[in-house]
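# Structural description and commentary
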Amino acid sequence: MNSNISDKYYQGGDFRELLQKYEQAKAEGHNVYLEPEELADIAEYYQMLGNVADAVDTFEYGLSIFPDSTMLLILKARYELAILQDVEKAKKTVSQIVEEDDFDCFYVKAEIMIMEGNPEHADEYLEEVAATLDEVETDDFYVDVAAVFADYNLYDLSEKWLQRAKPSVAADYRELQGRIAMHAGNFEESERIFNELIDQDPFSTRYWNHLAASQFMHNNIRESIRSSEFSIAIHPDDSEAILNKANGLFSLGNFAEAKKFYARYAELWPLEETGELFQGLCAFNMNEMKEGIEHLRKAEKLVLPNSENCLEVYQELAFALSKEGKGQEALGYTDKMLETLKKLEGKKRPPKVIDYNETLILRGHLLMEMGEFQKGQDCYTEAIANSNCSPQVYLRIAISIYDLGFFEHSYKMFQILRESTDDSFTDGYAYEALCCYSLNRYNDFCMLVKKACENNLAEAQHALADMFPEDLDPKDYYQWLCEGNRPIIEKQ
């Protein structure tokens, strides 16, 4: 349900008058006659702000008057795909569309294929459509298709289609260039593009949100928060900006303030689990375990079956319940994780999600906490064998063993990991540093902090932040130690 309408349109007097007319009639309890295109614009405006319930009310009201409206049916289908994640409902809605040659109808059919786990089929289908178009239509079609794939994080396909369009300075073309650059890791290029777009349209929350996302991925967290604040100043209820700011505050360790913004996000998206999940994580980081578990329980009720987010909700509940001494219940959530992974088999999944081996490591960790050492070690061994001795899996186990307090065993695993990998493997230095600190290997600790800050700044911040002043940039951790300062162990 992403809107392609310019923010300028929503800020214009004509739209504001239209919205006021609609909302006033709704508040007074009577219907108002509007064209289907006008109702679609209002629904998309609500969706842009994250007001899903109002968006649904609007397009459903519109369909009660105009049951054959292509625009309203497409909005409904996209809601069923993006929010309900119900492909069959979306198919049924699309089957009611009479104008099957409408471009948006082509796009939503492709989106259904993507949601079914068949992006290649979507690509082939859109190629067939492209072959039927007049030359004057193709450039707009290519850019629109690139946007569809970008919205589903399929950036290789997005870039392929965008490259087929003629180079342009048009805002939608440049916006896609910026998004593709961001997800390719070309953050400076991405930020340059979005800053240029903001210069042209400083009241576009979409551009500010993209800039904030790129800055966040570039580990420029404070700049990302500032960009989010500009977006919020334009639209106080912009849910994407609120979530971006919450994520930035969370990354800086400001969990109390982050929790407030996750709560705001949860209010705007009451049927979606993200706000409750991250309120729970904030509470855990503030040692408010009971409240954290309550939020995670709410997230569990909201998360859709077979969703990737199930895995994270179950994982965090397992950790929290284990800390509360509820080991058997925690183990039950690892069973749920394995069941969910089976349901997700064969589906195209985004990178860096929880997988079978990570679940085995978590299960092993819980068993070790419960004193079931042999069963726990068996889980670790299975994960190593199943991954063909993956360095990442070995690292995860070394961290798990460190967290369990077996510092010498963890240290030996880190030594083996370094001996079996080359300099291209840059993960784990920060956690190895923690292990050395716990073993009173202070010189090794300092050298590993240096390596962590040089090679993996995001990991350094995540693992080591509690040992350094809150306002200290992670890239300066080693220099701070060289100046004679000692780790702030009181905060641990």
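Residues numbered from 1 in each chain as written. Predicted model: local features only at pLDDT ≥ 70, side-chain atom pairs only at ≥ 80, totals over all residues. Heavy atoms only, no water.

Non-glycine residue Asn219 carries a positive phi angle of around 70 degrees. The residue Asn219 is located in the loop between α13 (205-217) and α14 (221-234) in this model. Non-glycine residue Asn440 carries a positive phi angle of around 60 degrees. Tracing the chain through its elements places Asn440 in the loop between α25 (429-438) and α26 (442-455). The exposure class of Asn440 is exposed, given its relative accessible area of 70%. (Helix = DSSP H or I, 4+ residues; strand = E, 2+ residues; numbered from the N terminus. Buried < 20%, exposed > 50% of the residue type's maximum accessible area, 1.4 Å probe, protein only.)

All right, on to helix α17 (residues 274-285) then. Between the first and last C-alpha of α17 there are 17 Å, a value that for 12 residues agrees with the 16 Å anticipated at 1.5 Å per step. Most of α17 is tucked away, with 11 of its 12 residues classed as buried. Buried within α17 we find Thr274, Gly275, Glu276, Leu277, Phe278, Gln279, Gly280, Leu281, Cys282, Ala283 and Phe284. Positioned one or two residues after α17, Asn287 has a phi angle of 60 degrees, which is positive. (Expected span 1.5 Å × (residues − 1).)

This next bit is on helix α27 (residues 457-464). For α27, the set of buried residues is Glu459, Ala460, Gln461, Ala463 and Leu464. Its buried side turned inward, α27 meets α14, α15 (239-251), α25, α26 and α28 (477-482). (Contact = heavy atoms within 4.5 Å.)

For the coordinates displayed, the defined rule picks out 25 aromatic pairs. Taking 6.3 Å as the distance between ring centres and 20 degrees as the angle between the ring planes, the aromatic pair formed by Tyr265 and Trp269 counts as stacked. Given a relative accessible area of 12%, Trp269 falls into the buried group. In this structure an aromatic cluster arises from ring pairing among Phe103, Phe106, Tyr107, Phe141, Tyr142 and Trp161. Geometry around Trp161 places Arg164 over its ring, the cationic atom sitting 4.5 Å from the centre. (Phe/Tyr/Trp six-rings, centres within 6.5 Å; stacked < 30°, edge-to-face > 60°. Lys NZ or Arg CZ within 6 Å of the ring centre and 35° of its normal.)

Let us look at the nonpolar core. The nonpolar side chains of a soluble globular protein tend to be buried with one another. In terms of nonpolar packing, the biggest core is built from 81 residues, with Tyr22, Ile42, Tyr45 and Phe59 touching the most fellow members. In this structure Tyr45 touches Tyr10, Phe15, Arg16, Leu19 and His235, once residues within four positions along its chain are discounted. Core analysis: the second largest hydrophobic core is formed by 44 residues, Met368, Tyr394, Cys436 and Cys446 among them. (Core = buried A, V, L, I, M, F, W, Y, C linked by side-chain atoms within 4.5 Å.)

Another point: the side chain of Asn357. With respect to the helices and strands, the residue Asn357 is situated in helix α21 (residues 356-369). Discounting residues that sit within four places of it in the chain, Asn357 has contacts with Ala383, Asn386, Ser387 and Val393.

Within the secondary structure layout, Gly327 lies in helix α20 (residues 327-343). With residues up to four places along the chain from it excluded, the contact list for Gly327 reads Leu321 and Met370.

Our next topic: the pattern of salt bridges. Enumeration according to the criterion identifies 25 salt bridges in this entry. Notably, a salt bridge pairs Glu175 with Arg206, separated by 2.9 Å at the nearest N-O pair. You can see Glu175 sitting in helix α11 (residues 171-183) and its partner Arg206 sitting in helix α13, a full 31 residues away along the chain. Residue class for Glu175 comes out buried when judged on its relative accessible area of 8%. (Salt bridge = Lys/Arg side-chain N within 4 Å of Asp/Glu carboxyl O.)

Before going further, it helps to examine the packing of helix α9 (residues 135-151) against helix α10 (residues 155-164). Packing of α9 against α10 leaves a shortest axis separation of 8 Å and a crossing angle of 170 degrees. Between α9 and α10, the crossing angle belongs to the class labelled roughly antiparallel. Contacts from Asp139, Phe141, Tyr142, Val143, Val145, Ala146, Phe149 and Ala150 in α9 reach Tyr155, Leu157, Ser158, Trp161, Leu162 and Arg164 in α10. The residue makeup of the contact of α9 with α10, split by class, is 11 nonpolar, one polar and two charged. (Axes fitted to C-alpha atoms, helices over the stretch in contact; angles between N-to-C directions. Parallel < 35°, antiparallel > 145°, perpendicular 65-115°, else oblique. Nonpolar A, V, L, I, M, F, W, Y, C, P; charged D, E, K, R; others polar.)

The next thing to look at is the side chain of Arg174. Mapped onto the elements of the fold, Arg174 is located in helix α11. We classify Arg174 as buried; its relative accessible area is 15%. In this structure the side chain of Arg174 is engaged in a polar contact, spanning 2.6 Å, whose partner is the side chain of Gln177. Residues contacting Arg174, with those up to four places away along its chain left out, are Ser168, Val169, Arg192, Ile193, Glu196 and Leu197. (Polar contact = N/O pair within 3.5 Å; in protein donor to acceptor, adjacent residues only side chain to side chain.)

We now examine the packing of helix α4 (residues 52-65) against helix α5 (residues 70-82). Running from N to C, α4 and α5 cross one another at 140 degrees; their axes reach a closest spacing of 9 Å. α5 is crossed by α4, and the crossing has left-handed handedness. Of the residues in α5, those touching α4 at Val52, Val56, Phe59, Glu60, Gly62 and Leu63 are Leu72, Leu73, Leu75, Lys76 and Tyr79. Broken down by class, the residue content of the contact of α4 with α5 amounts to eight nonpolar, one polar and two charged. (Left-handed = near helix turned anticlockwise from the far one by under 90°.)

Interpretation of the predicted coordinates at a detailed level should be avoided for regions scoring low in pLDDT. Summary statistics for the protein give a mean pLDDT of 91 and a share of 95% for residues scoring 70 or more. When the criterion is pLDDT under 50, residues 1-5 qualifies, and its contacts beyond four places in sequence or with other chains add up to 16 contacts. (pLDDT = per-residue confidence, 0-100.)

Let's shift gears to the state of the cysteines. As enumerated under the stated definition, the model contains zero disulfides in all. You can see Cys482 has no disulfide; the closest cysteine sulfur is in Cys446, sitting 7.0 Å from it. (Disulfide = S-S within 2.5 Å.)

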